[in-house]
Protein chains: 4
Amino acid sequence: MAHRPGRHFLQIPGPTNVPDRVLRAIDRSTIDHRSSEFSGLGKDCLKGLKAVFQTDGPVIVYPSSATGAWEAALVNTLNAGDKVLAFETGYFVNLWTQMACNLGLRVEMIPGDWRHGVDATKVAETLVEDRGHEIKAIMVVHNETSTGVTTDIPAVRRGIDAAEHPALLMVDTVSSLASIDYRHDEWGVDVTISGSQKGMMLPPGLSFNAIGHRATEASKRSSLPKSYWRWAEMLENNSRGFFPYTPATNLLYGLREALAMLQEEGLANVFARHARLAEATRCAARQWGFEMVALDPRECSNALTALFMPEGFDERAFRAVVLDKFNMSLGSGLGKLAGRVFRIGHLGDFNELMLAGTLAGIEMGFQVAGIPHCRGGAGAALKYIAEQIA
Amino acid sequence: MAHRPGRHFLQIPGPTNVPDRVLRAIDRSTIDHRSSEFSGLGKDCLKGLKAVFQTDGPVIVYPSSATGAWEAALVNTLNAGDKVLAFETGYFVNLWTQMACNLGLRVEMIPGDWRHGVDATKVAETLVEDRGHEIKAIMVVHNETSTGVTTDIPAVRRGIDAAEHPALLMVDTVSSLASIDYRHDEWGVDVTISGSQKGMMLPPGLSFNAIGHRATEASKRSSLPKSYWRWAEMLENNSRGFFPYTPATNLLYGLREALAMLQEEGLANVFARHARLAEATRCAARQWGFEMVALDPRECSNALTALFMPEGFDERAFRAVVLDKFNMSLGSGLGKLAGRVFRIGHLGDFNELMLAGTLAGIEMGFQVAGIPHCRGGAGAALKYIAEQIA
Amino acid sequence: MAHRPGRHFLQIPGPTNVPDRVLRAIDRSTIDHRSSEFSGLGKDCLKGLKAVFQTDGPVIVYPSSATGAWEAALVNTLNAGDKVLAFETGYFVNLWTQMACNLGLRVEMIPGDWRHGVDATKVAETLVEDRGHEIKAIMVVHNETSTGVTTDIPAVRRGIDAAEHPALLMVDTVSSLASIDYRHDEWGVDVTISGSQKGMMLPPGLSFNAIGHRATEASKRSSLPKSYWRWAEMLENNSRGFFPYTPATNLLYGLREALAMLQEEGLANVFARHARLAEATRCAARQWGFEMVALDPRECSNALTALFMPEGFDERAFRAVVLDKFNMSLGSGLGKLAGRVFRIGHLGDFNELMLAGTLAGIEMGFQVAGIPHCRGGAGAALKYIAEQIA
Amino acid sequence: MAHRPGRHFLQIPGPTNVPDRVLRAIDRSTIDHRSSEFSGLGKDCLKGLKAVFQTDGPVIVYPSSATGAWEAALVNTLNAGDKVLAFETGYFVNLWTQMACNLGLRVEMIPGDWRHGVDATKVAETLVEDRGHEIKAIMVVHNETSTGVTTDIPAVRRGIDAAEHPALLMVDTVSSLASIDYRHDEWGVDVTISGSQKGMMLPPGLSFNAIGHRATEASKRSSLPKSYWRWAEMLENNSRGFFPYTPATNLLYGLREALAMLQEEGLANVFARHARLAEATRCAARQWGFEMVALDPRECSNALTALFMPEGFDERAFRAVVLDKFNMSLGSGLGKLAGRVFRIGHLGDFNELMLAGTLAGIEMGFQVAGIPHCRGGAGAALKYIAEQIA
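Residues numbered from 1 in each chain as written. Chains lettered and ligands numbered in written order. Predicted model: local features only at pLDDT ≥ 70, side-chain atom pairs only at ≥ 80, totals over all residues. Heavy atoms only, no water.

Take the pairing of strand 5 (residues 135-141) of chain B next. All names here are of chain B. The buried fraction of strand 5 amounts to 6 of the 7 residues, a majority that puts the element mostly inside the structure. Direction of pairing for strand 3 (residues 83-87) relative to strand 5: parallel, over a ladder of 4 bridges. By the bridge assignment, Lys83 is partnered in strand 5 with Ile135. The pairing of strand 5 with strand 8 (residues 168-172) spans 5 bridges and is classified as parallel. Looking at strand 8, one finds that Met139 is bridged to Met170. (Buried < 20%, exposed > 50% of the residue type's maximum accessible area, 1.4 Å probe, protein only. Helix = DSSP H or I, 4+ residues; strand = E, 2+ residues; numbered from the N terminus. Pairing = 2+ DSSP bridges.)

Below you can see the structure in the form of structure tokens.
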């Protein structure tokens, strides 16, 4: 392809802009995955991940897309025909429940408008009604990548506890981990699912399961067929820094580097930075007069912002202009939001001036594409940031 | 870790020495996996793979270890409780059949001595006896990575055909693809399984299924639970250069580069090179007086050579000396060969002088570790190579 | 050093942001500089450079900083005690003439205010007065990196021609080459000096001399002591793609890649892009109410913009805030402009959104540092760009 | 160029095989050379170099080929017409003295046979005869890269001291630094010259001057024209970690990494490794029946070995075969040795198995090219190494 000058702005909500330190770490000779040098690498990664998931328990790393970690969570804990509960918060929870169906589970989906997180009251109500404890797991997406809406996980936990229901709580943090505060242990999550290519700043190709005690217990009784995703062999090998089959060594080099970077910055600073850049993006959206998908301000995502296009304008045409004229990729509308919503990723290895470029690209894109808007969105964002920094 | 001078010799039978061109290709910014630029990448990879598998049919790429591609082959074509036939040719076929059991299949394993490939006569006999066509698939490893023994796949095919049996032929080419001649279409294979980290010269993290017509048909009737590995969505998305979930983009950059390198060299030259370097290795082994695991010269692998240690000497201690003193990783004995056999990988991005260094490291390792041997193995290999080149 | 999230904005007027393609090209094994493979590399570079200098004559590549190419231009063409004429347009011409003094030349410096380019009328007048043709060369900086002021080289040439004076015309294009239109042959320049780390998008370490016929002739009579910089051996070796001493091979890999990128984009497009981004920067400056160093709009640089700080505010403190809070490097005031002027580099591998980030960082920096300014500079720039693009 | 499988063996005596750690360090964004981050880089490099030169005094780093550092040593210390003394030990001292002539110095060259180092007795005799102290400097090459012959520098120093002569001792260590023990301070050297692309394991593009007290004093009186090479500005800027003009930042990244690697291995271990690999190479040469250029065993280089071809065989044809058939670059015969001598580089980031590959390539090259030799040279080398290691 012909050269396009300057850096591409990859502002989809993941994969995110991979920092050079991570790319350079990956660009290293592969080593023997049964050597003591590898064992050191494995242990570093597995230990560092605990800090990011805020757990003392094990975190498993798969050589797979994050979609694989969804499957792993289900097949390791459930039995054929088990019922799982889900809340229709957006496109990705739909994919996940479709997967559950594919795997022979029964899904009870509580309808939703794609503009709110999971309603914890509804969780409690549904579980109270499930007197026979047929529901074996609740599948929640912490941060819906299709809508930019988050769910209050501690509230969901309280809902489950209020119902005194034994269902496992499974949480997808694919687009929130290492961007939005998330606490596996403190929040009482049983299985946390995540991936490498968003807040973790890696290319896609690794996925994670953080596993709580109750999930481990469930895995001993689970009868769904599984082999690649089996936790037991993973945990056994991981204890020595190894894996039951050939791991994606070079991506692990990158993971070790990314974990070091997160530690250098400090997780609290990482979360604060994402909050600041997200609020600046929302300042821009408000100024432009664009409606966010998220209706409840407390549920707005700090990782991405999804905005409705004005009536009569297609996000696909708009994003094509932005890519063509300004060398920036924005996220498309997914599922029923296709054509109507575009998404701005502001997560991962991202800072104030990259955001300024991002918002400028959107605002100029509006002008070039003839999308009605109030000018000054980028300016409003800068004003907010400058005040925060000062 | 402290610096060790010079290059590490990674002479395990995979992962292999990843060439700089591939590493540098991977070391590039991740792009939007829904963009037209990505579509071009996807199509290049999918097309290039057909040439390597020597097939006109589809090749599927998973973001997973090769172990995942084993699972994909089984869950896409079979039904719970189906019987599969396998031949005990070594450690990896055992792992694969263990996986089949994990997934709820019944395995009929024909015992073997780990020193021969699959006996095609036995295939025919077994299938003839299976009058009810209970056996739904035959699992064969083209090149047993644990033993350095290959199987004559066309002969196996003839055995099946002679029995007029409808079982699917599934072949693992993890350590033979792009090293030893392999022809998916011509040889009538139904599913070919492979991975990225051996002859394909990539880091681990990608795996492959080449799919024949009969396998595609079987996949329509297969009821084993599956989601991540489903061929149908893959094939549908692949037709446009895309994937149903986030692919391992950066490894695909590497795949495109590796495919270009294989094309530049020419597959026939790649195979001839592997044959030459393998025969040179066997010259060395004969001179040293070391016994190969492979008993039939026609079945010796051109990708690796597995050698028995002299009685009373442990391969683990020997390999530790070689790693410590000569900065070279050799392959361990696996399964029942642990302690008794070491393996020399001579596949992938490898040439005459790298082999010379490898054999020198082994021969010097014998001396330093006090392993009885006849000197001159490396010299015998060089003599053979020089004659071949001249 | 601890991790700072996101990309650093390197907006000094060089070294510029080196594109990944160039960095990755450099990150390759060094080869034998006497091999035919190297010869191909050398020829590619030398040929490609002619296009960029817009010359049919030779371009010499030194393994040195651009400062070395200044020295090369002088020592190859002049004799001890020769008089050279220069115009005080800024800091760098002062450094260059200081070098001339160091090398035993006599410098006639026409005073200037650092806010205008060379006055071509003055060139003509001075040369007319030099009846004895004592002046052997005129040293002109095409784009003064310290001030953002350009000189009209064709006008200077006309001035010399009007005076019918044989002095050589030497032009420094260190910060204009491949950013601002420059034509060695058409404009009648005798020696053009440049470097790798600005418009050429490379790290520092290579420098260039484009050589006209009259300079070549002068070099045959030049008696200044020289060895490393001698053109004769360079030209002789270059004809075969080689160099008289070990060249900086890996930087040449980068040069070949950068030349390919310039060709892909097209020089005319490169110049138009720089013009657009520069004018956008000036829009911002005007809105902020900041005074440019350049007084004549026709002489404003398209590579950088130098702005006076408001009275009572030190650029050093301001730039420190911008670096600390916004991870961006701006150029300092040099020489007599220290403390009073800061410089914005907008050259090289640079695009609209990077400029948006740059200007946002400056505007937010004003706010955070309490520098008086009118808001909306970044917005004015975006407006200009959107209009240009639309 | 079409892909050649496996690694190229770059066994010329420099540039050497650049380790991946160094290449990856260079492959990093360029930073502001006036920033505090850069200052840290500069100080790290300048400090680390002192350890490698074994000096407490300053070491200067030029963005130039090593040839530039030759020039720097001369122009900083000498005056026009000064006499310098040199000993004809090989091709490179000839180039250096030619440079001295180019720069207006008078050279007294003591003839030599290119097969011995400098005769210290001759040094003393010559200087004693120079009663008027016309000789201002003695130019010695520590390790002649064209011949593989070293000079005993302490003996030369004793020769000068015995003559009570004030001439400066200048030593070229381009191909010995960080490979063969060298002690700037202890050995009383006044200026040491070196470069980046050999024992320092970097690509070419940096050069060095280590400067003793007497040289610093001389530099204050030196009147040779100079500007780029001036020590004074360098030393002044270096004290703050900076440089008087734009440095080759990315190569300095590599330098810092290379210095770290040398420190991790330990200089004494580095020298011992080179000694071991060099002696192994000489074992091979003796077995082959090839004559070394070095006639005195005490003067054999540990960095390279230069061997005469058998009568009637041209090294150029031989090296072409080795490159074509075995993907290895060997060093050519230089100057009057062209056609008759080939050189084996065994320095830098090099280890036992790389040497094994190198010697195997030579021995197989002999066979393929029909060069008469006794077999078993590579084997003899391996035997020696194994004994040393055991």
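That covers the picture; the talk isn't over yet.
Each side of the interface is counted separately: chain C has 50 residues, and chain D has 50 residues. The contact between chain C and chain D buries some 3,800 Å² in all, and 60% of this surface belongs to carbon and sulfur atoms. By the criterion of area lost to chain D, the three top residues of chain C are Asp27, Thr30 and Tyr228 of chain C, representing 14% of everything that side buries. Linking chain C with chain D are 2 salt bridges. In this assembly, chain C and chain D are joined by 10 residue pairs in polar contact (both at pLDDT 80 or more). Residues that form the side of chain C that touches chain D fall into these classes: 22 nonpolar, 17 polar and 11 charged. (Contact = heavy atoms within 4.5 Å. Buried area = accessible area lost by both parts, 1.4 Å probe. Salt bridge = Lys/Arg side-chain N within 4 Å of Asp/Glu carboxyl O. Polar contact = N/O pair within 3.5 Å; in protein donor to acceptor, adjacent residues only side chain to side chain. Nonpolar A, V, L, I, M, F, W, Y, C, P; charged D, E, K, R; others polar.)

So, on to the relation of the copies chain A and chain B. In the superposition of chain A on chain B (RMSD 0.0 Å, axial shift 0.0 Å), the rotation amounts to 180°. Put plainly, the chains are arranged around a two-fold axis. For chain A, the minimum C-alpha distance to the rotation axis belongs to Ser64 of chain A and amounts to 2.3 Å. When you check the interface residues of chain A against chain B, 100% turn up at the interface there too, and the contact is symmetric in its surfaces. (Least-squares fit on C-alpha atoms with pLDDT ≥ 70 in both.)

Where the residue is not glycine, phi is negative for most of them; where a peptide bond is considered, it is trans in most cases. Here the bond from Gly14 of chain A into Pro15 of chain A is cis, since omega is 0°, no more than 30 degrees from zero. Note on placement: Pro15 of chain A falls in the loop between strand 1 (9-11) and helix 1 (20-26). We note that Gln54 of chain A has phi near 55°; this positive angle belongs to a residue other than glycine. On the secondary structure map, Gln54 of chain A appears in the loop between helix 2 (36-53) and strand 2 (59-62). Residue Gln54 of chain A is classed as partly exposed on the basis of its relative accessible area, which comes to 25%. Within the chain, Asn327 of chain B stands out as a residue other than glycine whose phi angle is a positive 55°. When you line up the elements, Asn327 of chain B lands in the loop between helix 11 (315-326) and strand 12 (328-330). Given a relative accessible area of 8%, Asn327 of chain B falls into the buried group.

Turning our attention to the packing of aromatic side chains. As enumerated under the stated definition, the model contains 70 aromatic pairs over all chains in all. Ring geometry for Trp288 of chain A versus Phe290 of chain A: centroids 6.4 Å apart, planes at 75°, classification edge-to-face. Grouping residues by exposure puts Trp288 of chain A and Phe290 of chain A together as buried. Cluster of aromatic residues (ring-pair linked, three or more members): Tyr62, Tyr228, Trp229 and Tyr245 of chain A together with Tyr62, Tyr228, Trp229 and Tyr245 of chain B. A cation sits over an aromatic face here: Arg28 of chain A above Tyr253 of chain A, 4.4 Å from the ring centre. (Phe/Tyr/Trp six-rings, centres within 6.5 Å; stacked < 30°, edge-to-face > 60°. Lys NZ or Arg CZ within 6 Å of the ring centre and 35° of its normal.)

Another aspect to go through is the interface of chain A and chain B. Taken residue by residue, the interface counts 50 residues in chain A and 50 residues in chain B. Interface area, chain A with chain B, both sides summed: about 3,800 Å², of which 59% is carbon and sulfur. Of all residues in chain A, the largest losses of buried area upon contact with chain B belong to Asp27, Thr30 and Tyr228 of chain A, amounting jointly to 14% of the total for that side. Inspection of the chain A/chain B interface yields 2 salt bridges. The tally of links from chain A across to chain B stands at 10 residue pairs in polar contact (both at pLDDT 80 or more). Breaking the side of chain A that touches chain B down by element, the ones donating at least two residues are helix 1, helix 3 (66-77), helix 4 (91-102), helix 9 (249-265) and strand 12 (328-330) of chain A. When its residues are assigned to classes, the side of chain A that touches chain B shows 22 nonpolar, 17 polar and 11 charged.

Pairing of side chains with opposite charge becomes possible as their charged atoms draw close. With the rule as written, the count across this model stands at 112 salt bridges over all chains. With a closest N to O distance of 2.6 Å, Glu279 of chain B and Arg286 of chain B form a salt bridge. You can call Glu279 of chain B partly exposed: its relative accessible area is 21%. When its relative accessible area of 48% is taken as the criterion, Arg286 of chain B is described as partly exposed. Within the structure, one salt-bridge network assembled from shared partners comprises Arg7, Asp20 and Arg24 of chain A, Asp27 of chain B, Arg7, Asp20 and Arg24 of chain C together with Asp27 of chain D.

Mapping chain C onto chain D calls for a screw motion: a turn of 180° about the axis and a shift of 0.0 Å along it, with 0.0 Å RMSD after fitting. In this assembly, 100% of the residues forming the interface of chain C have copies in chain D that are likewise at the interface, indicating an isologous arrangement.

Its place among the elements puts Ser65 of chain C in the loop between strand 2 (59-63) and helix 3 (66-77). Judged by relative accessible area, which is 3%, Ser65 of chain C ranks as buried. Here the alpha-carbon distance between Ser65 of chain C and Ser207 of chain C, two residues 142 residues apart in the chain, equals 5.8 Å. Once residues within four sequence positions are removed from consideration, Ser65 of chain C is found in contact with Ser207 of chain C together with Pro63, Tyr228, Tyr245 and Thr246 of chain D.

On to the sheet that holds strand 3 of chain B. Residues and elements named next belong to chain B. With mixed pairing, the 7 strands of this open sheet are ordered in space as 2-10-9-8-5-3-4. Two strands close off the open sheet at either side, each with one partner strand: strand 2 (59-63) and strand 4 (106-110). Averaged over all adjacent pairs, the angle separating strand axes in this sheet is 20°, with direction ignored. Inspection of the sheet shows strand 8 paired to strand 9 (residues 191-195) by 3 bridges, in the parallel sense. Bridge pairing links Met170 to Val191 in strand 9. Packing of helix 2 (residues 36-53) onto the sheet brings it into contact with strand 2, strand 9 and strand 10 (206-211), and relative to strand 2 it is tilted by some 115°. (Axes fitted to C-alpha atoms, helices over the stretch in contact; angles between N-to-C directions.)

All names here are of chain A. Buried residues of helix 7 (residues 213-221): Ala215, Ala218 and Ser219, and no others. Buried residues in helix 7, looked at end-on, bunch into an arc of 105°, giving them a common side. Of the residues in helix 7, the exposed ones pointing more than 90 degrees away from the buried face are His213, Lys220 and Arg221. Elements that come into contact with the buried residues of helix 7 comprise helix 3, strand 8 (168-172), strand 9 (191-195), strand 10 (207-211) and helix 8 (231-238). (Arc of directions from axis to C-beta.)

Moving on, we come to the sheet that holds strand 2 of chain A. Residues and elements named next belong to chain A. The 7 strands are arranged 2-10-9-8-5-3-4 in an open sheet whose pairing can be described as mixed. Each end of this open sheet is capped by a strand with a single partner; those strands are strand 2 and strand 4 (106-110). In this sheet, adjacent strand axes meet at a mean angle of 20° when their direction is disregarded. Where strand 9 meets strand 10, 5 bridges bridge the pair, whose relative direction is antiparallel. Each residue of the ladder has a partner; that of Thr192, found in strand 10, is Ala210. Here helix 6 (residues 153-162) sits on the sheet in contact with strand 5 (135-141) and strand 8, set at roughly 165° to strand 8.

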